[in-house]
Structures are given as C-alpha cells and as structure tokens.
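Per-entry structural report
If you want the building blocks of each chain, they are given just below.
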Amino acid sequence: MKQWKKIIFYSLFLSILFLWIGTKSSPLYPMNDWVDANAFFTMGKGLMNGLVPFKDLFEQKGPILYLIYGIGYLFSHKTFLGIFLIEVVSFTIVLYYFYKILRLYGREKQFYPSAPFLLAIILTMPSFTHGGSCEEILLPCFFISFYHFLYLIKDKRYLEEGLNLYFCEGIIVGIVLWTKFILLGFWIGWVLFLGILLLSGKQYKKIILIILSYLAGILVVTFPIIFYFLCTGALKDLWDTYFYLNIVLYPSLEASVPFGDRILILWKLLKENMNKNSIFMFTLIIGIVTLLRDKVVVKKWFKIGIFILLIFTFFFNYIGLKNHLYYFFVMSPFVILFGITVSNFCSRAFIPMKYLTIIVIPILWLFVYLLNPNTYFIKVEQNTLAQFIFSDIMNKEESPTLLYYGNIDGGFYTVADILPTEKYFEKVNIRHDAFPDNEDSQNLAIKNKSTDFVIVRIKKRRDPYHTGIPYLHENYEVIKVVDQVFEKVEFKYVLLKKRDSEKRSSI
C-alpha cells in the first residue's frame, strides 16, 4: 500500500475511534442536544427542502455551514449520523496535514504515535463543547493553511513558490468567509506576515500576482453563493442578516467600549479561557518552550510568524467581547506545536514506533473518555429526554407544525423531523431592543395560533402553567412537562398544543 494511503487509513481509523466517544454527534450518544448544532441542522434541513437561508429561515451563521449540515441531513433526517461522518472526514484531513507538517521537518516516522496525542488534546478541551461547531467543521482549513504557512517560511520558499498555493488559500479564505467570518483572524495574520516577508524581499510584481490569485480563489467560492441568493431574491436578506446583524447589532452593547477598556476585557477573557482550557494551555506552553530550543524546526521567521498567528487568531475571535465556551476552540490548531514536540520525543524513544503506537492509543483513548466534556451524556436513555417524549406525542398528528419559543433550537425539530413553518423558528442571542423582529414574530405566531404545537423551555422553579408569555395559555394548553438538565442547568420543557385545533387530536 502506498504511504499516503496508509496515512489516510490510519487517520480515518483514529478519527472514528476517538470521535466515537468524543462528539455527541456519534451514534453512541442518545442525541446531540447542543442548541447551536440543532439550529444549524434545521437550517440545513430547510435548505435541502427548498427554503432559503435568511429569507425563509432566520439564523446567524454563514450559508456554507448550512450546506454542510444539509449534506449531513441527507444521510439521516432525524439523527446526527451524517454530521458524525462529516466530523470524521474533517479530523481525517486534520491528521493528514499534521503528517505533512511533520514531513516538512523529517519526522514523518513519528506520525503514528504522535497523532493520537493531537486528538486527545483537542477532544479534551472544554471548548470542544458537544460537537459540530463552526470552529470544528473548519478545523481542516486551519490545518491546511498552517501547513502552507510553515512550508512557505521554511527555507524561504515564499521567494520561489508559484501561485497555485495562494489560489488554494484564497479558496480556503472564501470558505471561512461564508461560514463564520469572525474566524478570519488567523488568515489576516497569515497574509500580513507573508506580505511583510515578500515586501522585504522586494517581490513587488509577485505580490500583485499573489493578490490576484488570492482574490480569484475567494471569488471561486463567493460567486456561486451570490448567484444563489440573487436568483432566490434573498441578496438583501443575506446582507442584512449575515453581515449587518452580526457586525452591527450582535455586538451593539460592546461597540461603545473605549479602546483601553477593550484591551483589559480581552486580557480578562484570555485568562479566563486559559484557566478553563488548562490542559490545552499546558501543552501549548510545552510546545512553544521546547520548539524554541529545536534547531531543526525553529528559525527566526518561525518564532515571529507563530506569535503573529496566535495574537491575530485570538484577538479577532473575541473582538466583539463575547465569551461563549466554544469560542476558544478556535485556538485548537496551535496544538500542532505540541504535536511537533511529541514527535521529537518519540524520535528519541527506545521503543520501536510500532509498539509505541500500540501503547499510546488505548491510554489516550481512555484519557479522552475520562476528560472529554461530553461523555457524561452517553449513559442517558433516549426515552427520558423531552425531545423524544414530545416527538412521540407530536407525530401522532398528521403533518404537525411546531414553534420552539424563546431559545435557540433545542433539537425538537430534528428528533421529530419537523420542518419549521415560521421564519423565526427559534430565538437567537440578540437583545430585543437591538433586533425586535425575532421575539415579536414569535409572539405574533402564538397570538395567531400559527402552529399546532409550541415548546417552551423555562427554569425548573417556574410554573409551566403561568409562563407570562402573551397569549400562550389563551391559545395553547399544556399537555406534557419534562424536567431535563442542559449544560448543568435544570430546566422544564413544556409542550403545548393549540386549543380548538382544526386537526383532531389522537393524543
């Protein structure tokens, strides 16, 4: 078998083995209960059923993410099996490019025992929350670009490299741009640093050609997206939601924070996330310290370049001063530094690589099982979850319709395989005064009794029969309440059915 096939097969094997216990998208779990992932899944479902993102269904992320989730939906309409397969492919690509990075420094023989360390650190980060985040889906883009970056600065190849690499980078940037543009900090640092090197080498003509190649790659991704939204009459919806809402409305409260205070807040966020992701930070520090002493890997430009990538990746990701747990996962690609360090230690091991690999895989698999933030959920039975209980009730009706009120998609559309009929099928994390349309439209849907069922999530101490939601109890009756824990918080999930429905209930 050719070497590259062996590497891909091994990477695929490791990805399946570790993700089987690491992500809630895995068939080992009763479901993926993460609200963000279910919102992406619902958007992908809508896309595959002819609904136009932003125009017919409202959500904040980019259209490429919905396309990816739509492909996952085609594999399985009611589970995350398709998303699990996409995650496996994603991590297989990640490991393959880690191999290519090691090969740059003549350490490809150490790939086999080093690769499990990479997965173990990534999958035990608390910011690897639930599974299926934008940051995780885009992980191959980070690793490919990281490889290109290290390839170019090694032996000053940026002086002689052709334009194809930059065209590929443009495609990668286009993918990130139309998935979650706030993650572009890594590539801003990438371009800035390589640009400085090219300018210092007086490569003026080449810089112009590189810029054109880069833009061509971005346009390859951008043109079909613009064409789709233009043909569906949703170009304004794309702009208003994906760009204006995310740039202006979403961080509106933080926009007036003075620069000095902003820096202090960013420093506080960094320290907070370093504490939460302590194992990752420990390995990152080890990677940086040991590599600075590695004469094979580290040259002057390596030190400066890595520092710039670290700063730009963090700064742009937190520029809106938001701090969700999964945000810090954008820093996970820098586990490459620890991976290179591990490969160095493995090269000095007295145990043959084959036997060392056999030893480390089960140890690190157990490490992931014990420290991964998701594995607690493996033992939960499906029949105890509100999503499945409510699905059984709702699907006794013919073609039931549903509104999930007041929160991000809780997975009820997914498990019941219901396509939303309301544009605002969920309530996203934007204040009412900044964007009233979301909450007002949901209230109007309840007032008009637009759906057969409404599901509300409330704190456990609240009375499900007196929620205070306008018109809710006048137009809908409570038929089931389930207590359930989500992200360590106890909630009540309340299923309500339309009063005097034209459909005859068989409940």
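Note that the structure is predicted; figures quoted are calculated from it, not measured.

With 28 residues, helix α10 (residues 204–231) should cover 40 Å at 1.5 Å per step; its first-to-last C-alpha distance of 40 Å lies within 8% of that length. Where α10 bends most, at V220, the angle is about 30°, and the proline P224 comes one to four residues later. Residues of α10 that are buried sit in contact with α3 (63–75), α8 (164–177), α9 (185–200) and α11 (235–249). One or two residues past the end of α10 sits G233, with phi positive at roughly 70°.

Counted under the stated rule, the structure contains 3 cavities of 30 Å³ or more. In this model, the largest cavity occupies a volume close to 40 Å³. What lines the largest cavity is D33, V35, Q387, G410, Q484, V485, F486 and Y493. Here the element with the most residues in the lining of the largest cavity is strand β3 (residues 476–486); it accounts for 3 residues. Of the residues belonging to the lining of the largest cavity, the class tally is 4 nonpolar, 3 polar and 1 charged.

Time to look at the confidence of the model for the chain. Here the chain averages 93 in pLDDT, while 96% of its residues score no lower than 70. Taken as a whole, residues 502–507 scores under 50 in pLDDT and shows 16 contacts with residues more than four places along the chain or in a different chain.

We now examine the environment of I226. Along the polypeptide, I226 turns up in helix α10. Separated by 12 residues in the primary sequence, I226 and L238 have C-alpha atoms spaced 9.0 Å apart.

The next point concerns a nonpolar patch on the surface. A grouping of M48, L67, I71, L74, F75, L81 and L85 is seen on the molecular surface, where their side chains present a nonpolar patch of about 600 Å² in accessible area. Only α3 and α4 (81–104) provide two or more residues apiece to the nonpolar patch. Per element, the largest residue contribution to the nonpolar patch is 4 residues, and it comes from α3. With respect to the element layout, F75 can be found in helix α3.

As a further point, take the nonpolar core. Within the largest apolar cluster, 165 residues are counted, with the highest numbers of intra-cluster contacts made by L150, W187 and W190. A per-element tally of this core places α4 first, with 13 residues. Residues in contact with W187, not counting those within four places in the same chain, are C141, F142, S145, E169, I172, V173, V176 and Y214. Counting residues in each nonpolar core, the second largest holds 7 residues, with Y29, M31, I378 and V415 among its members.

On to the packing of aromatic side chains, then. Tallied over the full model, the rule gives 52 aromatic pairs. Taking 5.1 Å as the distance between ring centres and 80° as the angle between the ring planes, the aromatic pair formed by F181 and Y242 counts as edge-to-face. Taken together, the positions of F181 in the loop between α8 and α9 and Y242 in helix α11 put the pair 61 residues apart, joining distant regions of the chain. Both residues of the pair, F181 and Y242, belong to the buried class. An angle of 70° between the planes, with centres 5.0 Å apart, marks the rings of F186 and W187 as edge-to-face. The exposure class of F186 is buried, given its relative accessible area of 0%. For W187, a relative accessible area of 2% translates into the label buried.

This part takes up the packing of α9 against helix α14 (residues 300–317). At a minimum axis distance of 7 Å, the contact between α9 and α14 shows a crossing angle of 145°. Considering how the two elements wind past one another, α9 and α14 form a crossing that is right-handed. Contacts between α9 and α14 involve G185, F186, I188, G189, W190, L192, F193 and L197 from the former and W301, I304, G305, I308, L309, F312, T313 and F316 from the latter.

Using the criterion set out here, one finds 10 salt bridges in the structure. With a shortest N-O distance of 3.1 Å, R431 and D433 are connected by a salt bridge. Taking relative accessible area as the criterion, R431 reaches 34% and is therefore assigned partly exposed. Between K460 and E490 there is a salt bridge, with its nearest N and O atoms 3.4 Å apart. Of this pair, K460 sits in the loop between β2 (453–459) and α20 (472–475) while E490 is found in strand β4 (residues 489–498), placing the two residues 30 residues apart along the sequence.

Let us now look at the layout of surface pockets. Taken as a whole, the largest pocket spans an internal volume of roughly 930 Å³. Along the wall of the largest pocket there are 40 residues; nearest its centre are Y250, K322, H324, Y326 and Y327. Broken down by secondary-structure element, the contributors of at least two residues to the lining of the largest pocket are α2 (35–48), α11 and α12 (259–276). Ranked by residue count, the leading element in the lining of the largest pocket is α11, at 4 residues. Among the residues forming the lining of the largest pocket, the class breakdown is 18 nonpolar, 11 polar and 11 charged. Put simply, the second largest pocket is a space of about 590 Å³. As for the second largest pocket, its lining consists of 23 residues, and the residues nearest its centre are L270, F307, L310, I311 and M331. If you list the elements that add at least two residues to the lining of the second largest pocket, you get α12, α13 (278–291) and α14.

What counts and what doesn't
Residues numbered from 1 in each chain as written. Predicted model: local features only at pLDDT ≥ 70, side-chain atom pairs only at ≥ 80, totals over all residues. Heavy atoms only, no water. Helix = DSSP H or I, 4+ residues; strand = E, 2+ residues; numbered from the N terminus. Expected span 1.5 Å × (residues − 1). Bend = angle between axes of the 7 residues up to and from the residue. Contact = heavy atoms within 4.5 Å. 1 Å grid on protein atoms, 1.4 Å probe; cavity = no way out; pocket = protein on both sides within 12 Å on 5 of 7 lines; lining within 4 Å. Points joined across faces, edges and corners; volume = space filled by probe spheres on them. Nonpolar A, V, L, I, M, F, W, Y, C, P; charged D, E, K, R; others polar. pLDDT = per-residue confidence, 0-100. Patch = residues over 30% accessible without salt bridge, like charges linked within 9 Å, V, L, I, M, F, W, Y side chains within 5 Å. Areas by Shrake-Rupley, 256 points an atom, 1.4 Å probe, with all protein chains shown as cover. Salt bridge = Lys/Arg side-chain N within 4 Å of Asp/Glu carboxyl O. Core = buried A, V, L, I, M, F, W, Y, C linked by side-chain atoms within 4.5 Å. Buried < 20%, exposed > 50% of the residue type's maximum accessible area, 1.4 Å probe, protein only. Phe/Tyr/Trp six-rings, centres within 6.5 Å; stacked < 30°, edge-to-face > 60°. Axes fitted to C-alpha atoms, helices over the stretch in contact; angles between N-to-C directions. Left-handed = near helix turned anticlockwise from the far one by under 90°.

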